[in-house]
Amino acid sequence: MKHLLSITDLSPADIHGLLELTDHMVEISGRPIPKVPALRGRNVVSLFFEDSTRTRTSFDTAAKRLSADTMNFAVSSSSVNKGESLRDTVETIAAMGVDAFVVRHKSSGAPQMITRWTNASIINAGDGWHQHPTQALLDCYTIRTGLNRRDGFDGLHIAIVGDIRHSRVARSDVQAFSALGARVTLIAPPTLLPPSLEGWPVEVSHDLDAVVPHVDVLYLLRVQRERMDDALLPSMEEYSAMYGLDSRRAAQLAPHALVMHPGPMNRGVEMVVDPAELPGSVILNQVTNGVAVRMAVLFSVLGSGSDLRGSE
Ligand code: NCD
C-alpha cells in the first residue's frame, strides 16, 4: 500500500488485514514501553490545514510508537499565510526528505492532488466532505472488538444519525461497514442528507425512535455548523428533540448496543445524555483504538515487512 486516500482503495480483505494488524499494535501499545523500532529513520509529517484534536495527536502518537521521526506543520504560523500555494508548500517540505504526509484539508480531493507533487506516501486524515479512511477503520475496529465480530459484520444493524450531508466520517463509515457486511440505516432530517444517495448501500429513516430499539450500533455525528452556509436546521433545540440522544432514547437501546461518536461532541445537541453514564458508550475506546489503527496504517505504508518485534 503506497497511499491511503479513501476506504474504497481497500477491499474487504484489505480491511480485515489492517484490523488484524491493529490487534498487534494494541498489544504493543499495552507494553510497559509501548515502542518498537519498526519505522526508525522514517520521517512522517502532518500537514493539517483544518483544526483537529484527536486525529492529529493520534497520528503523532502512532508514528512515535513505531519510532518514526515526526514533524507537525502548523498552518497558522506558516508561509501559507503569506499566500504560498498548497503545491509550493508540499514541494518545499518534501525537499527536506519526507516519507509520508498525513494530510487534512477542507477541499475534497486535496490529498489525491498532493500525490502528484511528491514521491512520499499520502495518508488522508480528512478532506472536506469526502473521506476520512482512518476514522472508518478505527470505527470498524471498535465494533469488531466491542461486539466480538472478528469475522465480519454480517447481520449487524448500524444506524448513523445526524449531519450526514457534511460528513466525511459518514461517507467512509458507510462504505467500510457495508464492505464488512453490516446493514446501515441513515437517520437525519432531509436537509442534512446528501442531495443524492444513489449508490449508497443504505436505508434511510427520519424516525430515530422507531429505529433505536433495533440497532446493534448507534453512531451519532456532530452537527457541523462550520460547514453550513444556509439555514438547514430550524433550530438546535428542534434538532436535539428529534435526533439527539437523550436518556429516554438511551433507555430504548438493546443492552448490548454500542453508542459511538467520532468527536468532537456537541453536548446538548446530538449528545444530550452524559455518555459517561451510558454503559454502551465506546467513544473513548474509539480514541484509544485510533492510535493502534494508525500504527497499522503507517506500518502498512512505510514498513519493510518483518521488523515489528522488540522494543527500544
Ligand atoms: C471528525 C472530522 O474531523 O471529520 N472528527 C474526527 O476526525 N474525529 C468529525 C467531525 O469533525 O465532526
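Residues numbered from 1 in each chain as written. Predicted model: local features only at pLDDT ≥ 70, side-chain atom pairs only at ≥ 80, totals over all residues. Heavy atoms only, no water.

A. The arrangement of unusual backbone geometry in detail. Going from Gly 263 to Pro 264, the amide bond is cis rather than trans, its omega being -5°. Along the chain, Pro 264 falls in the loop between β9 (258–260) and α10 (283–302). Look at Ser 67: it is not a glycine, yet its phi comes out positive at around 65°. When you line up the elements, Ser 67 lands in the loop between α2 (54–65) and β2 (69–74). Look at Ser 67 and you get buried, because its relative accessible area is 8%. (Helix = DSSP H or I, 4+ residues; strand = E, 2+ residues; numbered from the N terminus. Buried < 20%, exposed > 50% of the residue type's maximum accessible area, 1.4 Å probe, protein only.)

B. Just the pattern of salt bridges, in detail. Under the criterion given, the structure shown has eleven salt bridges. In this structure, Asp 209 engages Arg 248 in a salt bridge whose closest nitrogen and oxygen atoms are separated by 3.5 Å. You can see Asp 209 sitting in helix α7 (residues 208–211) and its partner Arg 248 sitting in helix α9 (residues 247–250), a full 39 residues away along the chain. For Asp 209, the salt bridge identified is with Arg 249, shortest N-O distance 2.9 Å. Here the residue Asp 209 occupies a position in helix α7, and Arg 249 occupies one in helix α9, the gap between them amounting to 40 residues. (Salt bridge = Lys/Arg side-chain N within 4 Å of Asp/Glu carboxyl O.)

C. Spotlight on the site of the ligand. Neighbouring the ligand are Arg 54, Thr 55, Arg 104, His 132, Gln 135, Arg 168, Val 169, Arg 222, Gln 224, Pro 262, Gly 263 and Pro 264. For the ligand, an oxygen atom lies 3.0 Å from a polar atom in the side chain of Arg 104. Relative to its unbound accessible area of 320 Å², the ligand is 95% covered by the protein chains. Those elements that provide at least two residues to the shell around the ligand are α2 and α6 (168–179). Here the shell around the ligand is composed, by residue class, of three nonpolar, five polar and four charged. (Near = heavy atom within 4 Å. Polar contact = N/O pair within 3.5 Å; in protein donor to acceptor, adjacent residues only side chain to side chain. Areas by Shrake-Rupley, 256 points an atom, 1.4 Å probe, with all protein chains shown as cover. Nonpolar A, V, L, I, M, F, W, Y, C, P; charged D, E, K, R; others polar.)

D. Expanded view of the packing of α2 against α10. Relative to each other, α2 and α10 sit at 60°, their axes nearing to 8 Å. Classified by the interaxial angle, the pair formed by α2 and α10 is oblique. In this structure, α2 crosses over α10, and the sense of that crossing is right-handed. Taking contact as the criterion, the partners of Thr 55, Ser 58, Phe 59, Thr 61, Ala 62, Ala 63 and Arg 65 in α2 are, on α10, Gly 290, Val 291, Arg 294, Met 295 and Leu 298. (Axes fitted to C-alpha atoms, helices over the stretch in contact; angles between N-to-C directions. Parallel < 35°, antiparallel > 145°, perpendicular 65-115°, else oblique. Left-handed = near helix turned anticlockwise from the far one by under 90°. Contact = heavy atoms within 4.5 Å.)

E. The arrangement of the side chain of Thr 134 in detail. You can see Thr 134 is positioned in helix α5 (residues 133–146). Residue class for Thr 134 comes out buried when judged on its relative accessible area of 0%. Excluding residues within four positions of it along the chain, Thr 134 makes contact with Leu 4, Phe 59, Ile 123, Val 293, Arg 294 and Val 297.

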